[in-house]
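Reading the structure
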Amino acid sequence: FRLRNLIPVQNTQSNSIEYIQETGFTNNAAPVAETMLKPESALTFDLLTESVKTIAHWSPASRQVLDDAGQLRAYIDNRLLYGLMIKEEQQILYGDGTSPNLSGILTNPNIQSYSWSGGTVGDSKIDAIRRAITLARIAEYPVNGIVLHPEDWEDIQLAKGDDAHYIWVNVNDGGVMRLWSVPVVETTAIAPGEALLGSFNMGAMLWDREDANIRVGEPTDYFTRNMVAILAEERLALTVFRPEAFVGVTFDAAPTTGV
């Protein structure tokens, strides 16, 4: 289960995506009596453009070795595609929008934020996540995913009650990758001490210009050296329609003040 699984994906034939980002919503919906003037609500938008970016890397390989070890080609292909996936997740989270980087979610200045230290005394990381979920729900966005670093997910899973028993998992079979009924994506693409949660299915979209793929070529003098270059590449764009649908969480320190 990866970060991409949380976000709607749309194919595109264009090199750039023009999209609308919601910047404000005033909801004045109300019951209206017969013949009375109906209330007006307000939606404000910005028209933005996001260009398609390329994520790629390659590895050299000896033609003889590939011929002699048939499984090696499949192994290299899988590793290169996995590398693309990790870099894609890093870009979705932290891309700064400066070409050739995606415009990531955590770098968007308009998303919401929550700090663990801003809670009440006794709050754990589990509590911090729940309070951040509330921020998204107050903004009318149902949360469908939580992104955590393995170290922070470990802290949550190892949490014990006063009787020293684990409160989250049965160690015989582990626990479901969910927190407060919300699916968890565990990835090293997010920094330790940080988390991202939100309504990924409503707030953002991935646009695939070219699906992740593998190509093989013989650049420069590779032909005469019996070498090949194995290239993994994808082209995509990320658009964030509703920044308030997301909450960036910082596990800075356990709160020392509050009720």
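A brief structural summary. Treat the numbers as computed from the prediction; the structure is a model and nothing was measured.

Here we take up the nonpolar core. Side chains of a nonpolar character, in soluble globular proteins, are inclined to be buried together. Grouped together as the largest cluster of nonpolar side chains are 31 residues, with contacts concentrated most on Leu3, Ile105, Val147, Leu196, Phe200 and Phe246. Taken together, the elements giving at least two residues each to this core come down to strand S4 (53–62), helix H2 (70–94), strand S10 (204–217) and strand S11 (227–240). Looking at this core, the element that brings in the most residues is S11, giving six residues. The contacts of Val147, once residues within four sequence positions are left out, are Leu3, Leu6, Leu93, Val185, Thr187, Ile190, Glu194, Ala195, Leu196 and Phe200. Tyr114, Ile126, Ile146 and Leu197 belong to the second largest nonpolar core, which has 22 residues in total.

What follows concerns helix H3 (residues 125–138). Between its first and last C-alpha, H3 extends 20 Å over 14 residues, near the 20 Å set by a 1.5 Å rise per residue. Listed in full, the buried residues belonging to H3 are Lys125, Ile126, Ala128, Ile129, Ala132, Ile133 and Ala136. One side of H3 carries all its buried residues, which in axial view fall inside an arc of 160 degrees. The N-terminus of H3 is capped by Ser124, whose side-chain oxygen sits 3.2 Å from the backbone nitrogen of Ile126. A positive phi of about 70 degrees marks Glu140, the residue just after H3.

A few words on the packing of aromatic side chains. One pass over the structure, following the stated rule, counts four aromatic pairs. An angle of 75 degrees between the planes, with centres 5.8 Å apart, marks the rings of Tyr19 and Phe241 as edge-to-face. Of this pair, Tyr19 sits in strand S2 (residues 16–26) while Phe241 is found in the loop between S11 and strand S12 (246–250), placing the two residues 222 residues apart along the sequence. Here Phe241 falls in the buried class, since its relative accessible area comes to 17%. Just above the ring of Phe251 sits the side chain of Lys125; from NZ or CZ to the centre is 5.1 Å.

Looking now at the pattern of salt bridges. In total, this model carries 14 salt bridges according to the counting rule given. In this structure, the salt-bridge partner of Lys125 is Asp155, at a minimum N-O distance of 2.7 Å. Of the two residues, Lys125 sits in helix H3 while Asp155 sits in helix H4 (residues 150–157), which places them 30 residues apart along the sequence. Across the pair Arg225 and Asp221 runs a salt bridge, and its minimum N-O distance is 3.4 Å. Judged by relative accessible area, which is 47%, Arg225 ranks as partly exposed. For Asp221, a relative accessible area of 36% puts it in the partly exposed group. Connected via shared salt-bridge partners are Arg4, Glu88, Asp208 and Glu234.

A word on the sheet that holds strand S9 (residues 194–198). Spatially, S5-S12-S9-S6-S8-S7 is the arrangement adopted by the six strands of the open sheet, whose pairing is mixed. Across the chains shown, the open sheet's two edge strands, defined by having one partner strand only, are strand S5 (112–115) and strand S7 (178–179). Summarising the sheet, S7 and strand S8 (residues 182–186) pair through two bridges and their orientation is antiparallel. Of the residues in S8, the one forming a bridge with Leu179 is Val182. Contacting S5, strand S6 (145–148), S7, S8, S9 and S12, H3 runs over the sheet at an angle of about 155 degrees to S5.

Attention now goes to the environment of Leu84. Considering the arrangement of structural elements, one finds Leu84 in helix H2. Take Leu84: its relative accessible area is 2%, and that puts it in the buried class. Taking C-alpha positions, Leu84 is 7.7 Å from His57, a pair spaced 27 residues apart along the chain. Every residue in contact with Leu84, bar those within four places of it in the chain, is listed here: Ile55, Ala56, His57, Ala212, Ala232, Glu233 and Glu234.

Examined against the element boundaries, Lys53 turns out to sit in strand S4. There is a polar contact of 2.9 Å between the side chain of Lys53 and the side chain of Ser51. Here the side chain of Lys53 touches Asn101 through a polar contact of 3.5 Å, landing on its backbone oxygen. Excluding its chain neighbours within four sequence positions, the residues that come into contact with Lys53 are Ser99, Pro100, Asn101, Leu102, Glu234, Arg235 and Leu236.

Analysis parameters
- Residues numbered from 1 in each chain as written.
- Predicted model: local features only at pLDDT ≥ 70, side-chain atom pairs only at ≥ 80, totals over all residues.
- Heavy atoms only, no water.
- Core = buried A, V, L, I, M, F, W, Y, C linked by side-chain atoms within 4.5 Å.
- Buried < 20%, exposed > 50% of the residue type's maximum accessible area, 1.4 Å probe, protein only.
- Helix = DSSP H or I, 4+ residues; strand = E, 2+ residues; numbered from the N terminus.
- Contact = heavy atoms within 4.5 Å.
- Expected span 1.5 Å × (residues − 1).
- Arc of directions from axis to C-beta.
- Polar contact = N/O pair within 3.5 Å; in protein donor to acceptor, adjacent residues only side chain to side chain.
- Phe/Tyr/Trp six-rings, centres within 6.5 Å; stacked < 30°, edge-to-face > 60°.
- Lys NZ or Arg CZ within 6 Å of the ring centre and 35° of its normal.
- Salt bridge = Lys/Arg side-chain N within 4 Å of Asp/Glu carboxyl O.
- Pairing = 2+ DSSP bridges.
- Axes fitted to C-alpha atoms, helices over the stretch in contact; angles between N-to-C directions.

None of this, on its own, says anything about what the molecule does.
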